[in-house]
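What the coordinates show
Each chain, letter by letter, is given below.
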Amino acid sequence: MNAVHAFRDDALGELDALGIVAALQASRVSVPEVVEAAIARTEAVNPVLNGLAFAAFDRARARAKAADGEGFFGGVPSFLKDCEAVAGMPTTAGSDAWEPRPARAHGEFAGAYLALGMVPLGLTRMSEFGFNAATEHPRLGAVRNPWNPDHTAGGSSSGSAAFVAAGVVPIAQGNDAGGSIRIPASCNGLVGLKPSRGRLPMDRRMRRLPIALIENGVLTRSVRDTAAFYREAERLHRNPNLPGIGDVSAPGRARLRIAVCTQPGVGTCSGAVAELALKTASLLEELGHRVEQVDHPLVSASFADDYLTFCSFCAHFLMAQVRVSRHIGGPAVDRGKLDNFTLGLARRGRRNLHRMPRVIDRLKRMRRSSARFFNDYDAVLTPTLSRETPRIGYFDPSADSQQVIDRLTDWVAFLPQYNITGEPSISLPLAKSVDGMPVGMMLAADVGQDARLLELAYELEEAQPWRRLQAA
């Protein structure tokens, strides 16, 4: 199937977010023009890509007319993910098992995001509660990949990634508890940084977990957009426990010690994807970095089972909250509409509650090993995902839950460790599969070294510019 995109000769053109900011500042376009163009683009591709969870187009038009230029990204159209509390917008968290209610106020992250000046067009589709790495809802349908709609857009930040890749908006929000920014970045040919733990504001409900897995972030088509977002976000919210990112606008000068790993600690990486990672390693060597191939640096033999057990506990805890909410007058939940995958995870979590103290202890101790590793290396390169982007149906949440778990565990094997240790990692669209689909490569660094990753990303983008979907 042919690629699907919305790039055209309108107020957005082929501009990234910084390009739109410059065009607005120079009065070459107006905020109402770029917002109207983004709405038209959404309407053009959503019937195929199915990335829209909630449309707030009239609200966006009103905000565009009243735009006063506040915030660095003032007037740039964007989307947030369907798990963020945005005042007046109903959030379903990817499920149709209850009737959503509009949020009364912005959550902590949404408030900070919108304070940068973005104009929200609505909320984007995600997998149910973010547990699956692809959005293939049995009733709401699949979110499809704009490079080839027969393939998944990844997840769980599926709709945000599909819309950015397709040219609907230049930047959209995602969050990441085990790869949910980096997975769709890889599948859709985007830049996706999971920042260091605590880098960006996080809503209170997300901070209740015994291990803070989830980090907010953005999906973009250019390194400079991602870097500018973190620069501006840091001006509003600075975590004093982390080194600042600052204004990263070019490659770094230091030549780094970079480990490369082509096989995950659990499962295997396809030969084709491993070969693509080695080609990226060769590019880094050509750029003057010292590259050394290593075994998987962090993952223990128990990690995959421990991480799965922890996620299953989260599903069980969520289902318990749903039951409590119903009894205190919250929204009624139709359990018959919940994904089989969600229910299977929750059952597994209930069966393994007795194991949680030791599981949590082992997971927390992983940071000690990773800290020792990053004493010897400045960064590590791996493929983002162990295999090429699969077709729709591979992660069908109505299938046997153990089948989906096994497929997910294999596919995302390189990713969750950095959610456990809190270290930053970034997926870059540096490769492609034999059938032309994007294949991401991931770089990770020690806690707080987000700027180093952005400098490396700039260098790789200059040395090997990404392919453009509109030219595919």
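An account of the accompanying structure is given in this report. Remember, it's a predicted structure, so these values are computed and weren't measured experimentally.

**Details of the sheet that holds strand E10 (residues 215-220)**
The 11 strands are arranged E1-E3-E2-E8-E10-E9-E14-E15-E13-E11-E12 in an open sheet whose pairing can be described as mixed. Strands at the two margins of the open sheet, each flanked by one partner only, are strand E1 (52-55) and strand E12 (290-293). Pairs of neighbouring strands in the sheet enclose a mean axial angle of 30°, with direction left out of account. Summarising the sheet, strand E13 (residues 379-383) and strand E15 (residues 438-444) pair through four bridges and their orientation is antiparallel. Paired with Pro383 across the strands is Met441, a residue of E15. Helix H4 (residues 108-115) rests against strand E2 (77-81), strand E3 (119-124), strand E8 (171-176) and E10 of the sheet, and its axis sits at about 170° to E2.

**Overview of the pairing of strand E7 (residues 148-152)**
Among the five residues in E7, four count as buried, and that is most of the element. Bridge count between strand E6 (residues 144-145) and E7: two bridges; the pairing is antiparallel. Looking at the pairing, Arg144 lines up with Thr152 of E7. Counted along the chain from E6 to the antiparallel partner E7, the turn is two residues long.

**Looking at the nonpolar core**
Ranked by internal contacts, the top residues of the largest apolar core, which has 94 residues, are Val35, Phe73, Tyr113, Leu121, Phe229, Ile426 and Leu428. A per-element tally of this core places helix H2 (residues 31-49) first, with eight residues. With residues near it in sequence (within four places) discarded, Leu428 still touches Leu190, Val191, Val439, Gly440, Met441, Leu443, Ala457, Leu460 and Trp466. Grouped together as the second largest cluster of nonpolar side chains are 41 residues, Trp98, Ala134, Val333 and Met442 included.

About the thresholds
- Residues numbered from 1 in each chain as written.
- Predicted model: local features only at pLDDT ≥ 70, side-chain atom pairs only at ≥ 80, totals over all residues.
- Heavy atoms only, no water.
- Pairing = 2+ DSSP bridges.
- Helix = DSSP H or I, 4+ residues; strand = E, 2+ residues; numbered from the N terminus.
- Axes fitted to C-alpha atoms, helices over the stretch in contact; angles between N-to-C directions.
- Contact = heavy atoms within 4.5 Å.
- Buried < 20%, exposed > 50% of the residue type's maximum accessible area, 1.4 Å probe, protein only.
- Core = buried A, V, L, I, M, F, W, Y, C linked by side-chain atoms within 4.5 Å.

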